[in-house]
Amino acid sequence: MNAAPADQIRLLEVQTLDLRLAQLAHKRKSLPEHAEIDSLTKDLTQLRDLLVAAQTEESDTAREQTKAEQDVDQVRQRAVRDQQKLDSGAINSPKDLENLQREIVSLARRQGDLEDVVLDVMERRESVQERVNELTERVSAVQAKVDDATARRDAAQRELDETSGSVTRDREAVATAVPADLLKLYEKLRVQQGGVGAARLFQRRCEGCRLELNITELNEVRSASPDTVLRCENCHRILIRTAESGL
């Protein structure tokens, strides 16, 4: 394959721009904010799970408190009715009177026991409410960090995308001037050779594989026409000659 030396130099420019685009893509993918957001999101998920569990416990405890208070109220109301019945003097039977008095005493004990239950439930509910408040604050704090990291990541990505867009336009402008067959070969080799399809021959060394050409290879390069598209014998990339090739 033949191509004018100027076109081969342009291909080297295309390669430089392609490497720049690859670097920008890698940088975009490797932004530190990605790992930061992943870590924070995991923390946020765990905290939200804990918060839901605490809120569920608080709700259950609230129902338990309501039930315990209703039990106290029922016993209290029954005790009031019994006391009113006792105070009314309507009961004449000594046995019935004794039974009623005994029931009033029993209800008082029962009410005391139930009120202790209410107090215990209230203490547990208060503790759970404090836990809910604490977790709510922690969720808000971590969410704020996620939002901040996301904003920084998005800003960095926008900047990289703008730079990539500019480089892409430059690349298109240069590639348009490269002969189609040469560009096609370059694209094929670039895919095969890890993103580098063309390399400069610098001081007798291929910058693609970093190996120095032996005397036989150098003689072949020296004898080749300037229009000849050379290939590195070691890595098979397109080898571009410049004033710094050391020939």
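Computed from a prediction, not measured in an experiment: that's the story for all the values here.

**Q** Help me understand the pairing of strand S1 (residues 198–202) in this model?
**A** The side chains of a regular strand alternate between the sheet's two faces. In terms of strand pairing, S1 meets strand S4 (residues 238–241) through four bridges, oriented parallel. Considered in S4, the bridge of Ala 199 is made with Leu 239. Relative to strand S2 (residues 205–206), S1 is paired through two bridges, and the arrangement is antiparallel. Directly across from Phe 202, in S2, lies its bridge partner Arg 205. Hairpin remark: S1 followed by S2, antiparallel, with two residues in the connecting loop; positive phi at Gln 203, about 50°.

**Q** Would you mind showing me how to read the layout of surface pockets here?
**A** Over the atoms rolls a probe the size of a water molecule, and in doing so it shows where empty space is left. In this structure, the largest pocket occupies an estimated 190 Å³ of space. The wall of the largest pocket is formed by Leu 12, Gln 15, Thr 16, Leu 19, Val 196, Ala 198, Ala 199, Arg 200, Glu 207, Gly 208 and Arg 210. The element contributing the most residues to the lining of the largest pocket is helix H1 (residues 5–29), with four residues. Looking at the lining of the largest pocket residue by residue, the classes come out as five nonpolar, three polar and three charged.

**Q** It is not clear to me how the sheet that holds S1 should be interpreted in this structure. Could you clarify?
**A** The strands making up a sheet associate through backbone hydrogen bonding, with each pair oriented either parallel or antiparallel. In spatial order, the strands read S2-S1-S4-S3; together these four strands make up an open sheet with mixed pairing. The strands lining the two open edges of the sheet, one partner per strand, are S2 and strand S3 (230–231). In this fold H1 packs onto S1 and S4, with an angle of close to 115° to the strand it touches most, S4.

**Q** What is the right way to read the pairing of S4 from this model?
**A** Residues Ile 238 and Ile 240 point to one face of S4 and Leu 239 and Arg 241 to the other, with burial holding for every one of them. Where S3 lies against S4, two bridges are found, and the strand directions are antiparallel. Bridged to Leu 230 within S4 is Leu 239. Hairpin remark: S3 followed by S4, antiparallel, with six residues in the connecting loop; positive phi at His 236, about 70°.

**Q** Is there a simple way to think about the pattern of salt bridges in this case?
**A** As a working rule, side chains carrying opposite charge can pair if their charged atoms are close by. All told, the structure shown has 24 salt bridges when counted by the stated rule. The residue Glu 103 makes a salt bridge to Arg 78 at a minimum N-O spacing of 3.0 Å. Note that Glu 103 is positioned in helix H3 (residues 94–176) and Arg 78 in helix H2 (residues 32–88), a separation of 25 residues in sequence. For Glu 103, a relative accessible area of 26% translates into the label partly exposed. Note that Glu 212 and Arg 205 form a salt bridge whose closest N and O atoms lie 3.8 Å from each other.

**Q** Just checking my understanding: could you explain the environment of Gln 77 for this structure?
**A** Along the polypeptide, Gln 77 turns up in helix H2. Gln 77 gets classed as partly exposed once you look at its relative accessible area, which sits at 41%. Considering only alpha carbons, one finds Gln 77 and Arg 222, 145 residues apart in sequence, at a separation of 113 Å. At a separation of 2.6 Å, a polar atom in the side chain of Gln 77 contacts the side chain of Asp 73.

What counts, and where the lines are drawn
- Residues numbered from 1 in each chain as written.
- Predicted model: local features only at pLDDT ≥ 70, side-chain atom pairs only at ≥ 80, totals over all residues.
- Heavy atoms only, no water.
- Pairing = 2+ DSSP bridges.
- Helix = DSSP H or I, 4+ residues; strand = E, 2+ residues; numbered from the N terminus.
- 1 Å grid on protein atoms, 1.4 Å probe; cavity = no way out; pocket = protein on both sides within 12 Å on 5 of 7 lines; lining within 4 Å.
- Points joined across faces, edges and corners; volume = space filled by probe spheres on them.
- Nonpolar A, V, L, I, M, F, W, Y, C, P; charged D, E, K, R; others polar.
- Contact = heavy atoms within 4.5 Å.
- Axes fitted to C-alpha atoms, helices over the stretch in contact; angles between N-to-C directions.
- Buried < 20%, exposed > 50% of the residue type's maximum accessible area, 1.4 Å probe, protein only.
- Salt bridge = Lys/Arg side-chain N within 4 Å of Asp/Glu carboxyl O.
- Polar contact = N/O pair within 3.5 Å; in protein donor to acceptor, adjacent residues only side chain to side chain.

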